[in-house]
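# What the coordinates show
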Amino acid sequence: MRVDVVGGSVGGLAVAEHLLAQGHDVHVWEEHRDPGVFDACGEAWTEPALCPLPKDAAHGFVARLQGFMMHCWPRPGEHVTARLPVREAYMSYRHVVQRRWAERLAKLGAELHLGARVAPQGLDALPGKLVVDASGWPSVGAQRFGFTGELRKPLLAFYANVPLRDERFSEGWLHAIVPSHFTEFSGYTWVFPRPDGVANVGVGWDPLDPHRPRDHRHALRATEERLGIAEQRWVGANLPIWEGLPVERALQHLPSGVPVAAVGDAAGAVGPLTGDGMGPALESASLLADCLAAGQLTRYPERLRAHFRGRDEAHWRIRSYWDGPGDLRLFARLVRALDGLPFEQLDRDPRATLRRVVRHPGLAMRFGLAQAWQRAGWAR
Ligand SMILES: Cc1cc2nc3c(=O)[nH]c(=O)nc-3n(C[C@H](O)[C@H](O)[C@H](O)COP(=O)(O)OP(=O)(O)OC[C@H]3O[C@@H](n4cnc5c(N)ncnc54)[C@H](O)[C@@H]3O)c2cc1C
């Protein structure tokens, strides 16, 4: 069967890999001439097993990671951390990974149409019996079917690749400074160091949060100051975060009857708390391929929902902790309580974080009270 994949980034490349293995005639349409042009996000890879490339520097995977480290500075001079070990994750140069992966797919027989943008109405003209929308957000499918306005919780982030060696942010770990009261607004800051001394750093916040920075330039200057880095040319981007996966949008049909299945950001797969989207893009591509192989394409939206349900519940629960009380010292106690929790549990098991908090009765009680206080409108 001929399949047209719109978008040649992680989600599109992963779909192409699976569908080639199933013997389909795969065409990838990518608007950029270089499949590696989308070269920077945080560039941290979870779910690396779903990418078939060797995990070495020649293929863009520059360091295996021990885990995530959360940092909190509840008051000057006090620094609290929690280490969340991760089973397998890598720090990458994403543009290298994508270029190598595209080269591999071309060798395996995929037809790569580079520098070829598919317009929303152009979806109807693609000859495939199936169209896969891997075009990120706002996706070409969302534009074609008219649901771009349904995004629930955007996250605005700015990032840069910066020469940085700082003993607070050791290599081999992904560092997240939470909540970002570090820079006097809600949100978070990340520092992802690489072995060559170039760290991916960024700062993000919810643009609908009343405590967001009013002036993003001020927030970026504050971030530079706190990290001790020179003035940067920050790249800004929006992460499409949904309050519940819009799965009913993951499979649409063109008037001709041709199905359009969305993966990755186009399907709303990005994690609502961590903002990690490459692993979820790979996972959604795998789910779609499984459904297709089983002749059950119509089950894809439900499989997608079931797969990410636990993660979404866990992520929104944790977000409610730190979007809530606004009490940094209390938050620092939460960070301490999380120390040692495997990242996979924080990420996927909504009960695991709760169990950690409940082990510290004083903490659980104070969180309960702080949240009730906040709900009643007395906080901040
Ligand atoms: C600041 C920031 C930091 C992030 N950090 C991380 C991180 O550290 N780890 C992580 O896992 N995730 C991270 N993410 C999320 C991650 O970048 C995305 O979730 C991931 O890129 C989604 O992959 P995708 O293939 O679905 O879409 P995208 O990567 O957005 O790719 C879409 C592709 O489609 C192409 N395209 C779009 N429209 C068309 C069209 N009409 N015709 C042809 N081609 C088209 C684009 O050029 C692009 O190549 C971050 C995101 C941001 C914004």
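Residues numbered from 1 in each chain as written. Predicted model: local features only at pLDDT ≥ 70, side-chain atom pairs only at ≥ 80, totals over all residues.

When its secondary structure is counted, the protein chain shows ten helices and 16 strands. Compactness check: the protein chain gives a C-alpha radius of gyration of 21 Å against a globular reference of 21 Å for 380 residues, within 12% of the reference. With the C-alpha coordinates of the protein chain rotated into their principal frame, the extents come out at 60 × 45 × 35 Å. Looking at the protein chain as a whole, 46% of its 380 residues are labelled buried. For the protein chain, restricting intrachain contacts to residue pairs at least 6 apart in sequence, the fraction spanning at least 24 positions comes to 72%. (Helix = DSSP H or I, 4+ residues; strand = E, 2+ residues; numbered from the N terminus. Rg over C-alpha atoms; globule rule 2.2 N^0.38 Å. Buried ≥ 20, exposed ≤ 12 C-beta atoms within 10 Å, placed from the backbone. Contact = placed C-beta atoms within 7 Å.)

Moving on to unusual backbone geometry. For the peptide bond that leads from Trp137 to Pro138, omega is 0 degrees, which places it in the cis range. Here Pro138 shows up in the loop between strand E9 (130-133) and helix H3 (140-145). Even without being glycine, Glu43 reaches a positive phi, approximately 65 degrees. Structurally, Glu43 can be placed in the loop between strand E2 (25-30) and strand E3 (44-45). Looking at Glu43, the number of C-beta atoms within 10 Å reads 23, which means it is buried. Here Glu47, not a glycine, exhibits a phi torsion of approximately 50 degrees, which is positive. Following the sequence through the fold, Glu47 ends up in the loop between E3 and strand E4 (61-64). The class for Glu47 is partly exposed, based on 18 C-beta atoms found within 10 Å.

The next subject is the site of the ligand. Surrounding the ligand, one finds 37 residues, the nearest of these being Gly7, Gly42, Gly136, Gly264 and Gly277. Sorting the residues of the shell around the ligand by element identifies helix H1 (10-21), E2, strand E10 (155-163), strand E14 (235-239) and helix H5 (278-293) as the ones contributing at least two each. Of the residues assigned to the shell around the ligand, the class counts are 17 nonpolar, 14 polar and six charged. When residues of the shell around the ligand are assigned to domains, at least three map to each of domain 1 (2-43 + 93-150 + 246-295) and domain 2 (67-86 + 155-239). (Near = placed C-beta within 6 Å. Nonpolar A, V, L, I, M, F, W, Y, C, P; charged D, E, K, R; others polar. Domains from an automatic or database assignment.)

Our focus in this paragraph is the nonpolar core. One finds Val5, Val15, Val263 and Leu288 to be the most contacted residues of the largest nonpolar core, which totals 98 residues. Ranked by residues supplied to this core, first place goes to H5 with nine residues. With residues up to four places along the chain from it excluded, the contact list for Val5 reads Gly12, Val15, Ala16, Val26, His27, Val28, Trp29, Val132 and Ala134. (Core = buried A, V, L, I, M, F, W, Y, C linked by C-beta atoms within 7 Å.)

Residue placement: Asp215 occurs in the loop between strand E13 (198-205) and helix H4 (216-227). Overall, Asp215 belongs to the exposed group, with 8 C-beta atoms counted inside 10 Å. Measuring from C-alpha to C-alpha, the distance between Asp215 and Pro127 comes to 47 Å, with 88 residues separating the pair along the chain.

Time to look at the pairing of E2. Consecutive side chains along a regular strand alternate between the two faces of the sheet. Burial analysis of E2 places five of its six residues in the buried class, which makes it a mostly covered element. As defined by bridge partners, strand E1 (residues 2-6) adjoins E2 across five bridges and the pair is classed as parallel. Bridge assignment links Arg2 to a residue of E2, and that residue is Asp25. As for the winding sense of the linkage, the β-α-β connection from E1 through H1 to E2 is right-handed. (Pairing = 2+ DSSP bridges. Right-handed = clockwise from strand over helix to strand, strands pointing away.)

Along the polypeptide, Ser135 turns up in the loop between E9 and H3. Once the C-alpha coordinates of Ser135 and Leu334 are considered, the two residues, 199 residues apart in sequence, prove to be 37 Å apart. Filtering out sequence-adjacent residues up to four positions away, Ser135 remains in contact with Val6, Gly7, Val140 and Ala266.

Read across the sheet, three strands follow the order E3-E7-E4 without closing on themselves; strand pairing throughout is antiparallel. Every other strand in the sheet has two partners, leaving E3 and E4 as the edge strands with one partner each. Pairing of E4 with strand E7 (residues 90-92), which is carried by three bridges, proceeds in the antiparallel orientation. In the strand pairing of E7, Ala63 is matched with Met91.

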